[in-house]
Amino acid sequence: MRIVVIGGTGLIGSQVVKRLGEHGHDAVPASPNSGVNTVTGEGVKEVLQGADVLVDVSNSPSFADDDVMNFFTTATTNLTQAAAEAGVGHYVALSIVGTDELPDSGYLRAKVAQEKLITESGLPYSIIRATQFFEFAGAIADSATVDGVVHLPHGGVQPIAASDVAAVVGRTAATGPINGVQEIGGPEEFTLDGWVRTVLQARNDSREVVSDPQAKYFGTVLTGKQLVPNAGAQLQATSLKDWLAAGN
């Protein structure tokens, strides 16, 4: 199949393209660097000509509330319209576990808007909601550091390896649409502060990580297990211990 991967040069997208190519598919990475801009619409119709599947793993360059909402609503509108015109038979999108449970987060509100545009587009679709990636631990710590101390909420998380996310996205793209949402996560549940503390310690990072009930994650307070996948989630095999042992 010809599968166009929007965001195909990023952390997830590049791995999806590689995996699909290894399985004999014509996987086309699409990004502003390749002349495809989903916000302006440049190159979108052209790249989707003859495509069987569209995979959207793109992300907003800015996480400011207005910017991220504009990115996801504009880009998804352009993509769904172009996909419909091109006769694309399957729209696969990567989203986040907990999107509809944390309305105080501007980023997650934008992901809810993105999902709504896809589900109401009339296109056959699959939405994959993933938990936080192991690879994000360092950036989360950096963004939460104040005077050398990392302040994070104690809410639950069940992080996942980016390679496992890419594998699920690739398999989904190569099979039929589910016309619904599938949640995926890693094999173990942590608290957000506990997960990041474990990663920093493994990297000999001396910063103290403290549990702070007032600390926010993506603009929202975590009060419980909003970022933990539901009972029907597909849990992937890579543990945090194994991921760290691999030198990450």
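Here, the structure is the one placed above.
Residues numbered from 1 in each chain as written. Predicted model: local features only at pLDDT ≥ 70, side-chain atom pairs only at ≥ 80, totals over all residues. Heavy atoms only, no water.

J.: A description of the pairing of strand β3 (residues 53-56) should follow, citing residues and the corresponding values.
T.: Remark: a regular strand shows side chains that alternate across the two faces of the sheet. Burial along β3 is two-sided: V53 and V55 and L54 and D56, pointing in opposite directions, are all buried. In the sheet, strand β1 (residues 2-6) pairs with β3 via four bridges, with the strands oriented parallel. The residue of β3 that forms the bridge with V4 is L54. Two elements, β3 and strand β4 (residues 90-96), share four bridges in a ladder whose sense is parallel. Looking at β4, one finds that D56 is bridged to A93. (Buried < 20%, exposed > 50% of the residue type's maximum accessible area, 1.4 Å probe, protein only. Helix = DSSP H or I, 4+ residues; strand = E, 2+ residues; numbered from the N terminus. Pairing = 2+ DSSP bridges.)

J.: Which residues make up the nonpolar core, and what are the values?
T.: Grouped together as the largest cluster of nonpolar side chains are 29 residues, with contacts concentrated most on V150, L152, L192, W195, V196 and L240. Only α3 (65-86), α4 (106-119), α5 (137-143), β7 (149-152), α7 (192-202) and α8 (240-245) provide two or more residues apiece to this core. Among all residues touching L192, those that are not within four sequence positions of it are L152, P153, H154, G155, V157, Y217 and L222. Listed in part, the 23 residues of the second largest apolar core include V5, I12, V53 and L94. (Core = buried A, V, L, I, M, F, W, Y, C linked by side-chain atoms within 4.5 Å. Contact = heavy atoms within 4.5 Å.)

J.: An account of helix α1 (residues 11-22) is needed here, citing residue identities and associated values.
T.: Residues three or four positions apart in an α-helix share a direction because the helix packs 3.6 residues into each turn. Helix length check: α1, at 12 residues, gives a terminal C-alpha distance of 17 Å against a target of 16 Å (1.5 Å per residue), a fit within 8%. Here α1 has its buried residues at I12, G13, V16, V17 and L20. Taken around the axis of α1, the buried residues stretch over an arc of 130 degrees, which confines them to a single face. Relative to its buried face, α1 has exposed residues pointing more than 90 degrees away, namely K18 and E22. Looking at the packing, one finds that the buried side of α1 touches β1, β2 (26-30), β4 and α6 (162-173). Of the residues one or two after α1, G24 is the one with positive phi, at around 90 degrees. (Expected span 1.5 Å × (residues − 1). Arc of directions from axis to C-beta.)

J.: Give me the sheet that holds strand β11 (residues 208-211): which residues, what numbers.
T.: Taking strand neighbours across the sheet as the criterion, the three strands line up as β6-β7-β11 in an open arrangement whose pairing is mixed. Each of the sheet's edge strands pairs with one partner strand only, and the pair in question is β6 (145-146) and β11. Relative to β11, β7 runs parallel, the two being bridged by four bridges. Residue pairing in the sheet places V149 in a bridge with E208 of β11. Sitting on the sheet, α7 touches β7 and β11, and the angle it makes with β11 is about 170 degrees. (Axes fitted to C-alpha atoms, helices over the stretch in contact; angles between N-to-C directions.)

J.: Please provide a residue-by-residue account of the side chain of T172, values included.
T.: By the element assignment, T172 lies in helix α6. For T172, the residues in contact, after removing those within four places along its chain, are H90, V92, S126 and I128.

J.: Would you mind going over unusual backbone geometry in detail, with residue names and values included?
T.: At D147, a residue that is not glycine, the phi angle is positive and equals roughly 50 degrees. Residue classification places D147 among the exposed residues on the basis of a relative accessible area of 77%. The phi dihedral of F218 is positive, around 55 degrees, even though this residue is not glycine. With respect to the helices and strands, the residue F218 is situated in the loop between β11 and β12 (234-235). A residue is classified by how much of its surface remains accessible, and F218, at 31% relative accessible area, is partly exposed.

J.: Outline α7, supporting the account with residue identities and numerical values.
T.: The set of residues buried in α7 consists of L192, D193, G194, W195, V196, V199 and L200. Those residues of α7 that are buried lie in contact with α5, β7, β8 (156-157), β10 (190-191), β11 and α8. Positive phi shows up at N204, right after α7, with a value of about 55 degrees.

Nothing here speaks to function; it is geometry throughout.
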